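# Report on the structure
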Amino acid sequence: MTLTLAPANKTALPALAWVGIALLLLALQASILFAMGRVPICTCGYVKLWHGVVNSSENSQHIADWYSFSHVLHGFLFYGLTWVLFSRLPLLRLSWPARLIIAMLIEGAWEIVENSPVIIERYRAGTISLDYFGDSIVNSISDTLFMVLGFLTARVLPVAATVAIGLAFEIILALHIRDNLTLNILMLIDPIDAVKQWQSGPPII
């Protein structure tokens, strides 16, 4: 019996091409935010690697903060969603780099919507984020990169480990800053006064 090798996929993009597409998406996101009037860096005049005070005017202005963990969770969720939609179905099967690009498109679109006046005012009116006036561009790009980190982490970790880390993030954030991805979505869509009052309390841990 003669075995024949399947021809190589000549349409597959090289790794550098995927990196180039990702960088172009980041540049596009930054350009749109700049055109919307977002500040490149914190108006305090400097950039910090970490800013841990949630209820302050510098929150969402630096590279990382407590909400960075929520963006890692975005990556976990986007990996799972794109795996279900574009990895299992024969007609829609995409490579993981292509699925990452889709995740970056979704995350970048949300970052732009999140920094629109309507959503900013929604956050200020319906959540504890009274000092929130939108992200700096540095913070917004960092949020997308944290999502990428989450996506790549979910790709290599067992599902159980990814779920465990995601739950740990949600619990720790709820106990320390009284906010997390779940509460953020809830309070953005349908603010509840009792939850808002609970969120105004001090850290539990």
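Residues numbered from 1 in each chain as written. Predicted model: local features only at pLDDT ≥ 70, side-chain atom pairs only at ≥ 80, totals over all residues. Heavy atoms only, no water.

Bringing the overall build of the protein chain into the picture now. The helix and strand tally for the protein chain stands at eight helices and zero strands. The order of helices and strands in the protein chain, counted from the N terminus, is α-α-α-α-α-α-α-α. Across its three principal directions, the C-alpha atoms of the protein chain cover 75 × 40 × 30 Å. Taken over 205 residues, the protein chain has a buried fraction of 41%. Here the contacts in the protein chain between residues at least 6 apart in sequence split such that 65% fall between residues at least 24 apart. Of the roughly 11700 Å² of accessible surface on the protein chain, a fraction of 74% belongs to carbon and sulfur atoms. The positive charge centre, built from 11 side chains, and the negative charge centre, built from 13, are 12 Å apart in the protein chain. (Helix = DSSP H or I, 4+ residues; strand = E, 2+ residues; numbered from the N terminus. Buried < 20%, exposed > 50% of the residue type's maximum accessible area, 1.4 Å probe, protein only. Contact = heavy atoms within 4.5 Å. Areas by Shrake-Rupley, 256 points an atom, 1.4 Å probe, with all protein chains shown as cover. Lys, Arg positive; Asp, Glu negative; His and termini not counted. Charge placed at Lys NZ, Arg CZ, Asp CG, Glu CD.)

Nonpolar side chains tend toward joint burial in soluble globular proteins. Judged by nonpolar contacts, the single largest core of 21 residues is most densely connected at M104, M147 and F151. The element that contributes the greatest number of residues to this core is helix α5 (residues 137–156), accounting for six residues. (Core = buried A, V, L, I, M, F, W, Y, C linked by side-chain atoms within 4.5 Å.)

Bringing the confidence of the model for the protein chain into the picture now. Of all residues in the protein chain, 93% attain a pLDDT of 70 or more, and the chain-wide mean is 91. Throughout residues 1–10 the model reports pLDDT below 50, and contacts reaching past four residues in sequence, or to other chains, amount to zero contacts. (pLDDT = per-residue confidence, 0-100.)

Here the focus is the layout of surface pockets. Roughly 560 Å³ of internal volume is contained in the largest pocket. Along the wall of the largest pocket there are 30 residues; nearest its centre are Y67, H71, E114, Y123 and N184. Top contributing element to the lining of the largest pocket by residue count: helix α7 (residues 181–189), with five residues. The space that makes up the second largest pocket amounts to roughly 380 Å³. As for the second largest pocket, its lining consists of 18 residues, and the residues nearest its centre are F76, L77, G80, T162 and V163. For the lining of the second largest pocket, the elements supplying multiple residues, two or more each, are α2 (68–86), α6 (159–176) and α7. The dominant element in the lining of the second largest pocket, judged by the number of residues it contributes, is α2, at seven residues. (1 Å grid on protein atoms, 1.4 Å probe; cavity = no way out; pocket = protein on both sides within 12 Å on 5 of 7 lines; lining within 4 Å. Points joined across faces, edges and corners; volume = space filled by probe spheres on them.)

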